[in-house]
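# Coordinates in review
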Protein chains: 2
Amino acid sequence: MITNMKSLKIILEKEGIKPTYQRLKILEYMSRNTVNHPTVEMIYERLLKDIPTISMTTVYNTLSAFLEKGLVGAITITGTEMRYDFNTASHHHFLCKQCGRIIDIEVTCPFSEGKKLQHGHRVEEIHGYFKGICKDCLKDMKNSVKESNP
Amino acid sequence: MITNMKSLKIILEKEGIKPTYQRLKILEYMSRNTVNHPTVEMIYERLLKDIPTISMTTVYNTLSAFLEKGLVGAITITGTEMRYDFNTASHHHFLCKQCGRIIDIEVTCPFSEGKKLQHGHRVEEIHGYFKGICKDCLKDMKNSVKESNP
DNA sequence: TTCATATTTGTAATCATTTTAATTATGTAA
DNA sequence: TTACATAATTAAAATGATTACAAATATGAA
């Protein structure tokens, strides 16, 4: 998490992105919310509290710019909407079909390392998506069984 | 590729899906088009030639039913629309950012094998997506360079 | 044949995202 | 500082994929 605006500003300047207030606040949100893999909507709704005039378009445009510069990653795991990730280090994702949470998965796999050629194709991005029932939902399901069979 | 309607019919009956004409034709299309990872649109447009009254809704509903029974897989790699895959055996996908093609990638990786627990989560699906420039587009790019520097 | 049910169809609605054009902010030259 | 060019933000409309809904059609049993 990056708490001070000055370092956020430096990050944007280094990428040639003019550090406007909305861009800084969006980057700040991303840096403070690394576990929820937010949608544009989630970012927009939160920022409305600080910037009542902010628009969805700005959030979309800003995330596109961040994505292009590699400041964030994009996750297509749900199939319905894009999720964004401040953590651009190599890792995979788990989508819980029960609660909808997207959970980081640390993976060490020959295919998750480095961007090399695969079958002659130049690989620039590697995405590993797992889907199923998360640990917590599994626990809840077990508890429900216990309750109904006491 | 499954060429005769009788075996397609058996596949649907085995899953408890009533083998109507449109469902058989959709399954036939899927079995004959295993390399293009089609969108609903692509399936619909092709089937219009055989069934001029078919509707998009039927294609959507049918694919949802197939998906639920595991007759096809769903690929979210593009982030814009769902792609469907008749090949449900364990394999990964490569999206070419240049030509948009989705190419099957045979992968042997500890995480691509079997559906086990990961960090306590119950894994039911594993998706490996690679993005970059495909072999053919790489070749085309090299040729363009040659042409402009003869 | 008749009726109940499942399936298909067409249309409208929804949701995420993009496009467009107008407004606002910013930086620079006079 | 003012005037102007440019960039950024905004609101509204358009688009595209998907879902919801209701009417029409097909199917199968009594």
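Right above here is the structure, for reference.
An account of the accompanying structure is given in this report. No experiment lies behind these values; they were computed from the predicted model shown.

Scanning chain A from N- to C-terminus turns up five helices and six strands. Secondary structure of chain A in N-to-C order comes out as α-α-α-α-β-β-β-β-β-β-α. The buried share among the 150 residues of chain A stands at 27%.

What follows is about the protein's contact with DNA strand C. As a structural note, the neighbourhood of DNA strand C is formed by 20 residues, with A:Met82, B:Lys18, B:Thr20, B:Thr57 and B:Thr58 the closest of them. Contributions of two or more residues to the surface near DNA strand C are made by α3 (40-48) and α4 (56-68) of chain A together with α2 (21-32) and α4 (56-68) of chain B. In terms of residue class, the surface near DNA strand C is built from six nonpolar, 10 polar and four charged.

If you look at the interface, chain A gives 31 residues, while chain B gives 31 residues. Elements with a minimum of two residues in the side of chain A that touches chain B: β4 (102-105), β6 (121-133) and α5 (135-148) of chain A. Ranked by residues supplied to the side of chain A that touches chain B, first place goes to β6(A) with 13 residues. Split by residue class, the side of chain A that touches chain B holds 17 nonpolar, nine polar and five charged. In this structure, β6(A) lies alongside strand β6 (residues 121-133) of chain B, joined through 11 bridges in antiparallel fashion. Bridge pairing in β6(B) links A:Arg122 to B:Ile133.

It is worth spelling out the environment of A:Tyr129 at this point. Relative to the assigned elements, A:Tyr129 resides in strand β6. Owing to 21 C-beta atoms within 10 Å, A:Tyr129 belongs among the buried residues under this scheme. Spatially, the C-alpha atoms of A:Tyr129 and A:His91 are 9.8 Å apart, while their sequence positions differ by 38 residues. Beyond its immediate stretch of four places on either side in the chain, A:Tyr129 contacts A:Ile77, A:His92, A:His93, A:Leu95 and B:His127.

Further remarks concern the relation of the copies chain A and chain B. Superposing chain A onto chain B takes a rotation of 180° combined with a translation of 0.0 Å along the rotation axis, leaving an RMSD of 0.1 Å. The transformation just described matches what one would write down for a two-fold rotation axis. Residue A:Gly128 of chain A places its C-alpha closer to the rotation axis than any other residue of that unit, at 2.4 Å.

Glancing now at the packing of α2(B) against helix α3 (residues 40-48) of chain B. Residues and elements named next belong to chain B. Closest axis-to-axis distance for the α2/α3 pair is 11 Å, and the angle between their directions is 115°. Judged by the twist between their axes, the crossing of α2 over α3 is right-handed. Each of Lys25, Ile26 and Tyr29 in α2 lies in contact with α3, whose residues at this interface are Ile43, Arg46 and Leu47. Looking at the contact of α2 with α3 residue by residue, the classes come out as four nonpolar, no polar and two charged.

DNA strand D sits among 21 residues. The nearest are A:Lys18, A:Thr20, A:Thr57, A:Thr58 and B:Met82. Taken together, the elements giving at least two residues each to the surface near DNA strand D come down to α2 (21-32) and α4 of chain A together with α3 and α4 of chain B. Of the residues forming the surface near DNA strand D, the biggest block, four residues, is contributed by α4(A). When grouped by side-chain class, the residues that make up the surface near DNA strand D number six nonpolar, 11 polar and four charged.

A word on α2(B). Residues and elements named next belong to chain B. With 12 residues, α2 should cover 16 Å at 1.5 Å per step; its first-to-last C-alpha distance of 16 Å lies within 8% of that length. Those residues of α2 lying buried are Lys25, Ile26, Leu27 and Met30. Close packing links the buried residues of α2 with α1 (5-14), α3, α4 and β2 (83-85).

Procedures and definitions
- Residues numbered from 1 in each chain as written.
- Chains lettered and ligands numbered in written order.
- Predicted model: local features only at pLDDT ≥ 70, side-chain atom pairs only at ≥ 80, totals over all residues.
- Helix = DSSP H or I, 4+ residues; strand = E, 2+ residues; numbered from the N terminus.
- Buried ≥ 20, exposed ≤ 12 C-beta atoms within 10 Å, placed from the backbone.
- Near = placed C-beta within 6 Å.
- Nonpolar A, V, L, I, M, F, W, Y, C, P; charged D, E, K, R; others polar.
- Contact = placed C-beta atoms within 7 Å.
- Pairing = 2+ DSSP bridges.
- Least-squares fit on C-alpha atoms with pLDDT ≥ 70 in both.
- Axes fitted to C-alpha atoms, helices over the stretch in contact; angles between N-to-C directions.
- Left-handed = near helix turned anticlockwise from the far one by under 90°.
- Expected span 1.5 Å × (residues − 1).

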